Amino acid sequence: MNAKRKDFVATVMINLIVAAVVGILVFLLTYILVAGLPHVSWTFLTGTTDAFSGAGGIGVQLFNSFYLLVLTMLISIPISLGAGIYLAEYAKDNWRTSLIRSAIEVLSSLPSVVVGLFGFLLFVVKFKIGFSVISGAIALTFFNLPLLTRNIEESLSAVSSSQREAGLSLGLSKWKTEIGIILPVALPGIVTGVVLSAGRVFGEAAALIYTAGQSAPVTNFADWNPMNADSPLNPLRPAETLAVHIWKINTEGLATNAAALSAAASAVLIIAVLLFNLSARLLGNYLYRRVTASK
Amino acid sequence: MLKQYSFEKTAVQTFDDSVSLALKTDNLQVFYGANHAMHDANLEFPKNQITALIGASGSGKSTYLRSLNRMNDGIATVTGKIWYHGVDINEPDVNIYEIRRHIGMVFQRPNPFAKSIRENIVYALKANGIKGKDELASRVEKSLKGAALWDEVKDNLEKSALSLSGGQQQRLCIARSIAMEPDVLLLDEPCSALDPISTVKVEETLLELQKKYSIIIVTHNMQQASRVSSQCAFFHLGHVMEYTPTATMFSNPQIPVTQDYIAGSFG
Amino acid sequence: MEQTNFQLKKQDAQSNEWSARLHHATRATREDWMGRGISYLCIGVIILVVASMLWFITSKGLATFTQNHVNVWQFLTGTNWSPDTGHIGAAPMIVGSFAVTFAAAIVATPFAVGTAIFMTEISPNKGRKLLQPVIELLVGIPSVVYGFIGLAVVVPFMRHLVGGSGFGIISATFVLFVMVLPTITSMTVDSLRAVPRHYKEASLALGATRWQTVSRVILRSATPGILTAIIFGMARAFGEALAVQMVIGNAAVMPKNLISAASTLTSQLTSGIGDTIDGTLPNNALWSLALILLLMSLFFNALVRVIAKRGQLKHER
């Protein structure tokens, strides 16, 4: 009787806990969307920010977020692909490999603010590049590399070794086998991981405050030559992202409607991240069906 | 309890000059770390014949086979000599990719690439610099005909290879190997994952293929060995015990361990 | 020797031709060299990044002690943080960081373990369809958004509830609790799933109730995994910067209670590093805070390894 009663109480408690956890998420999303969406308009999405108060639209920040994301991915995908192939294919089971794995683990567990500070030290202080798109993209790359590498290695290793044997037995080089045979099969997992990491990168702020900077100079969206100072593509200009913008108006902003502004910006950020998560899933499933030829 | 047999008493045939050989191993030994998996294998494989390697599981026959085209590189240590066209291909400075082009391999489980049927065959050809639409198309047709698969797939070459049945997949793997136009074809229990009808098809294919290729096949199925092979080598616990013409092996085994194995006492 | 005629044939011209063919480098050989080069280079880049990160932050962080000759002990235990006047006692931030980390872990663990038990033992189906996405979404929400909600909801709520400014350790704990919850939950789920099925079946077959089975068999054998999950959660809480900085009040004083403005290592770094000049004491002192963060992150890492090793030994026995 006593044991049964305890069982009942425990089950009720656990159900309450689960309800609370679901409730927290529902509250978070509802709050942001309800508080934020009414303030989201086309002018807000494309307008410029008042440099002094932080009020106004988020057009430049939104562009910066995507630009930084694209640059970060352009740098980090090839590196983590190579590193992932190294770990999945070339690394022998010895102390050197376990040292390398530990190093990657250390990098992935470093707080992003530390990564950002390192970027600040290296690019802003030592190389004197200043707060810039490129400093931010490299800092985000540092932050992104370990997770992406691990994801790629796991996806490659999950491919049956019989596929490797098939490639090698035909006289294909290890590299060709990995790139031409294994990679296409591992692609669904890799793409899912890449898109999920894109969501993380998109929302990251701590690594950017002191690398990409906290100002979003108005750029001339008619000038797409990266060499020009006013061009949105110029990699040496400072680039406050949407996530940094939210932090900035909440801590240093002087805008009278700061709460509404950041709710609106948060709503946009959340929707973007949700879209990344959703598309990661859909794209992964779609590619998986294509690769395995199941319908 | 497994009976103990002397590893001293073996019956291994050799061939005289009149027989041209496709492959020959001298004192081939394989080690997985400290585990001595293959002892002193001295075997000669005649050209354009099918040689079967039989024995219980764990007898080392697959290990031996995988050493022949250096698929054990990085997995096991292989010592001894493997003669191929007068070259010892077990030497470290030999180009292993070139060897594998000449000595193809088909595995236990069908392992087609997750690509179309055509792409399965042309992928490695293209990687080896064979270009030209006509050349590739004729290789596809020739190899699929050689593997007795052409009639079943000729209208669906762009279909995914993974949509084929197991037996078709295995014949595709054979086609993929012979498209490289190798000399020697190594098959590692190619029918163990197939149903009886597919098995018959693969066996017929092999009998046809021996006109052009020298074939070495590992099998744990003695009926299969007697149906397809001309020579037969019996492996036991990492030793080659007996190597004779297949007819001799099954009608008149030379030593006790083979006699017991053929009679079904173990294995 | 029995190497007869076949061996002799090796000498003839045809064999020489074959020897040349089988020894000469082909496209595949070159590809392999290239592939090796590329992948070694990539892993080298990562190693270089990690090594230089450790090196730069360590050397910057030590400058306070080597160049400005601050006593390490005074740095760690001093309670007066006003670098402009030369006082750099980091204890307020250290205490703040540990306080929010432990508090968040203590609050989050029952929620995480409860949710994980629900997902694995009570309703795996709902767990997969409903809770898995919930956990993934909680992970996906960016930390500035957590900070913003903390600022907009938790801080005013605390202000109404207990008075004062509403900024402080308790608000930071609330925010971090939600942030570490998905981390601890999903890792706990993994470790509960790893418990062999027959443990559970044996216990149920002996007439134990579900809760007895969960609490005495499953949780016990998953303990190392759950501890690892909690440590990962703590590592995340310890390193979180912006969300905490937005709600803790950022006063570099020893926290007297849970509802007065305090600060953590990360919050102090975030607010301060832009205002100091490279090479000066106030700047070096901040890098020393970063060094503590780095060392703690390494410590959490090592702790996870130790637990993993212990857990393995236990299973082998």
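What you see is a predicted model; the values in this text were computed from it and never measured. Once a new chain begins, its residue numbering starts again from 1 and follows that chain's sequence as written. Lettering for chains starts from A, numbering for ligands starts from 1, and both go in the order in which the items are written. Totals for whole chains, interfaces and linings use all residues, but because this is a predicted model, local features are given only for residues with pLDDT of at least 70 and pairs of side-chain atoms are given and counted only at 80 or more.

Caption draft 1: Geometry of the overall build of chain A. For chain A, the count of helices and strands is 10 helices and zero strands. Helices and strands in chain A line up, N terminus first, as α-α-α-α-α-α-α-α-α-α. Viewed in the frame of its principal axes, chain A has a C-alpha envelope of about 75 × 65 × 40 Å. Put simply, a residue is buried when 20 or more other C-beta atoms lie within 10 Å of its own C-beta and exposed when 12 or fewer do; between those, it is partly exposed, and each C-beta is set from the backbone. Split into buried and exposed, the 295 residues of chain A put 51% on the buried side. Our contact criterion uses C-beta atoms placed from the backbone: two residues qualify when those atoms are within 7 Å. A separation of at least 24 residues holds for 75% of the contacts in chain A among residues at least 6 apart in sequence. Helix and strand definitions follow DSSP, with helices as H or I runs of at least four residues and strands as E runs of at least two, each counted in order from the N terminus.

Caption draft 2: Expanded view of the overall build of chain C. Summing up its helical and strand segments, chain C has 14 helices and two strands in all. As defined in this context, the radius of gyration uses C-alpha atoms, and a globule is described by 2.2 Å times the residue total to the power 0.38. Over its C-alpha trace chain C gives a radius of gyration of 28 Å, far above what one expects of a compact globule, namely 20 Å for 317 residues. Per-residue burial for chain C yields a buried fraction of 46% across its 317 residues. Considering only contacts in chain C between residues 6 or more positions apart, those separated by 24 or more positions represent 72%.

Caption draft 3: Inspection of the interface of chain B and chain A at higher detail. Taken together, the 22 residues of chain B in the interface contact 18 residues of chain A. Those elements that provide at least two residues to the side of chain B that touches chain A are helix 2 (96-102), strand 7 (103-106) and helix 3 (117-127) of chain B. A per-element tally of the side of chain B that touches chain A places helix 2 of chain B first, with four residues. Split into classes, the residues belonging to the side of chain B that touches chain A amount to 11 nonpolar, six polar and five charged. As a working rule, the residues Ala, Val, Leu, Ile, Met, Phe, Trp, Tyr, Cys and Pro are called nonpolar, Asp, Glu, Lys and Arg charged, and the rest polar, with Gly in that last group.

Caption draft 4: Focus on unusual backbone geometry. Phi angles above zero are rare outside glycine, and Asn 27 of chain B is one such case at about 50 degrees. Along the polypeptide, Asn 27 of chain B turns up in strand 2 (residues 21-32). Among the residues examined, Asn 27 of chain B registers 11 C-beta atoms within 10 Å and is labelled exposed. Despite not being glycine, Asn 250 of chain C shows a phi value in the positive range, around 55 degrees. Residue position: Asn 250 of chain C is located in the loop between helix 12 (242-247) and helix 13 (265-272).

Caption draft 5: Structural context of the domain arrangement of chain A. All names here are of chain A. A domain assignment, automatic or from a database, supplies the domain bounds used here. You can read the domains of chain A as domain 1 (1-39) and domain 2 (43-292). Inter-centroid distance (C-alpha atoms) of domain 1 to domain 2 is 32 Å. At the interface, six residues of domain 1 touch seven residues of domain 2. By residue class, the composition of the side of domain 1 that touches domain 2 is four nonpolar, two polar and no charged.

Caption draft 6: The arrangement of the interface of chain C and chain A in detail. Listed by partner, the interface residues are 69 residues for chain C and 66 residues for chain A. Ranked by residues supplied to the side of chain C that touches chain A, first place goes to helix 3 (residues 27-66) of chain C with 21 residues. Of the residues contributing to the side of chain C that touches chain A, the split by class is 47 nonpolar, 15 polar and seven charged.

Caption draft 7: Fine view of helix 5 (residues 112-126) of chain A. All names here are of chain A. Here helix 5 contains 15 residues, and its C-alpha end-to-end distance of 20 Å stays within 8% of the 21 Å for a straight helix at 1.5 Å per residue. Two axes enter the bend calculation: one fitted to the seven residues ending at the residue in question, the other to the seven starting there, and the bend is the angle between them. The largest bend in helix 5 amounts to roughly 25 degrees and is located at Phe 120. The buried fraction of helix 5 is high, at 12 of 15 residues. Phi turns positive one or two residues past the end of helix 5, at Lys 128, with a value near 55 degrees. Helix span, expected: 1.5 Å multiplied by one less than the number of residues in the helix.

Caption draft 8: Looking closely at the nonpolar core. Residues and elements named next belong to chain C. Val 175 and Ala 290 are the most contacted members of the largest nonpolar core, which totals 261 residues. With 15 residues, helix 8 (residues 169-193) is the single largest residue contributor to this core. Val 175 has contacts with Tyr 146, Gly 147, Gly 150, Val 154, Ala 243, Val 244 and Val 247, leaving out every residue within four places of it along the chain. What we call a nonpolar core is a set of buried Ala, Val, Leu, Ile, Met, Phe, Trp, Tyr and Cys residues whose membership is set by joining through C-beta atoms within 7 Å.

Caption draft 9: Main features of the pairing of strand 2 of chain B. All names here are of chain B. For two strands to pair, DSSP has to find at least two bridges joining them. Across eight bridges, the pairing between strand 2 and strand 3 (residues 35-46) is antiparallel. Across the sheet, the residue bridging to Thr 25 is Leu 43, located in strand 3. Connecting the antiparallel pair strand 2 and strand 3 is a turn made up of two residues, with Gly 33 showing a positive phi of about 60 degrees. One ladder, built from six bridges, connects strand 2 with strand 5 (residues 77-84); its direction is antiparallel. Its bridge partner being in strand 5, Val 30 is matched across the sheet by Val 78.

Caption draft 10: The arrangement of the domain arrangement of chain C in detail. Residues and elements named next belong to chain C. Its domain assignment divides chain C into domain 1 (2-66) and domain 2 (77-316). For domain 1 and domain 2, the distance between their C-alpha centres works out to 43 Å. If you look at the interface, domain 1 gives six residues, while domain 2 gives seven residues. For the side of domain 1 that touches domain 2, a count of residues per class yields two nonpolar, three polar and one charged.

Caption draft 11: Representation of the environment of Phe 7 of chain B. Mapping Phe 7 of chain B onto the fold places it in the segment before strand 1 (11-12). Sequence spacing of Phe 7 of chain B and Met 241 of chain B is 234 residues, and the spatial spacing of their C-alpha atoms is 7.2 Å.

Caption draft 12: Geometry of the confidence of the model for chain C. All names here are of chain C. Values of pLDDT, ranging from 0 to 100, describe the predictor's confidence in every residue of the model. For chain C, the mean per-residue pLDDT works out to 87, and 94% of the residues sit at or above 70. Highest mean pLDDT in chain C belongs to helix 5 (residues 91-122) (94); lowest belongs to helix 1 (residues 5-9) (50). Reported confidence for the predicted complex is 0.90 by ipTM and 0.89 by pTM.

Caption draft 13: Representation of helix 6 (residues 133-157) of chain A in the model. All names here are of chain A. Compared with the 36 Å implied by 1.5 Å per residue over 25 residues, the 34 Å span of helix 6 between its first and last C-alpha is a close match. At Asn 144, helix 6 shows its maximal bend, which comes to roughly 40 degrees, and the proline Pro 146 appears one to four places after that position. Among the 25 residues that make up helix 6, 21 are buried, leaving the element largely enclosed by the rest of the structure.

Caption draft 14: The packing of helix 6 (residues 166-179) of chain B against helix 7 (residues 196-209) of chain B, seen in detail. Residues and elements named next belong to chain B. All axes here are fitted lines through C-alpha atoms, helices being fitted over the stretch that makes contact, and every angle between N-to-C directions spans 0 to 180 degrees. For the pair helix 6 and helix 7, interaxial distance at closest approach is 9 Å and the crossing angle is 20 degrees. As far as their axial angle goes, helix 7 and helix 6 are roughly parallel. Of the two possible hands of crossing, helix 6 and helix 7 adopt the one that is right-handed. In this structure, helix 6 contributes Gly 166, Gly 167, Gln 170, Arg 171, Ile 174 and Ile 178 to the contact, and helix 7 contributes Ser 198, Lys 201, Val 202, Thr 205 and Leu 209. A per-class count over the contact of helix 6 with helix 7 returns four nonpolar, five polar and two charged. Reported orientations rely on four angle classes, namely roughly parallel under 35 degrees, roughly antiparallel over 145, roughly perpendicular from 65 to 115, and oblique for the rest. In this scheme, a crossing is called left-handed if the near helix is turned counterclockwise away from the far one by less than a right angle; it is called right-handed if the turn is clockwise.

Caption draft 15: Main features of the environment of Asn 144 of chain A. Residues and elements named next belong to chain A. The topology assignment puts Asn 144 in helix 6. Along the backbone, Asn 144 and Ile 77 are 67 residues apart, and their C-alpha atoms lie at a distance of 9.1 Å. Setting aside anything within four residues of it in sequence, one finds Asn 144 in contact with Thr 72, Ser 76, Ser 197 and Val 201.

Caption draft 16: Local environment of the environment of Asn 42 of chain B. All names here are of chain B. Here Asn 42 lies in strand 3. Residues Asn 42 and Leu 164, 122 residues apart in the sequence, show an inter-C-alpha distance of 39 Å. In this structure, Asn 42 is in contact with Val 12, Thr 25, Asp 26 and Asn 27, ignoring residues within four places of it in sequence.

Caption draft 17: Layout of the pairing of strand 8 (residues 184-188) of chain B. Residue and element names in this part refer to chain B. Judged by how many residues are buried, strand 8 sits mostly within the fold: five of five residues are covered. Residue alternation in strand 8 divides its side chains into two sets, Val 184, Leu 186 and Asp 188 and Leu 185 and Leu 187, and both sets are buried. Pairing geometry for strand 7 and strand 8, over four bridges, is parallel. Considered in strand 8, the bridge of Ile 103 is made with Val 184. Bridge count for strand 8 against strand 9 (residues 214-218) is five bridges, and the pairing is parallel. Across the sheet, residue Leu 187 finds its bridge partner in strand 9, namely Ile 217. Of the crossover connections in this fold, the one passing from strand 8 over helix 7 to the parallel strand 9 is right-handed. The handedness rule is simple: strands pointing away from the viewer, and a clockwise path from the first strand over the helix to the second, make the crossover right-handed.

Caption draft 18: Quick look at the confidence of the model for chain A. Residues with a pLDDT of 70 or more make up 96% of chain A, whose mean pLDDT is 88. Confidence, read as mean pLDDT per element, is least for helix 2 (residues 42-46) of chain A in chain A (82) and greatest for helix 6 of chain A (94).

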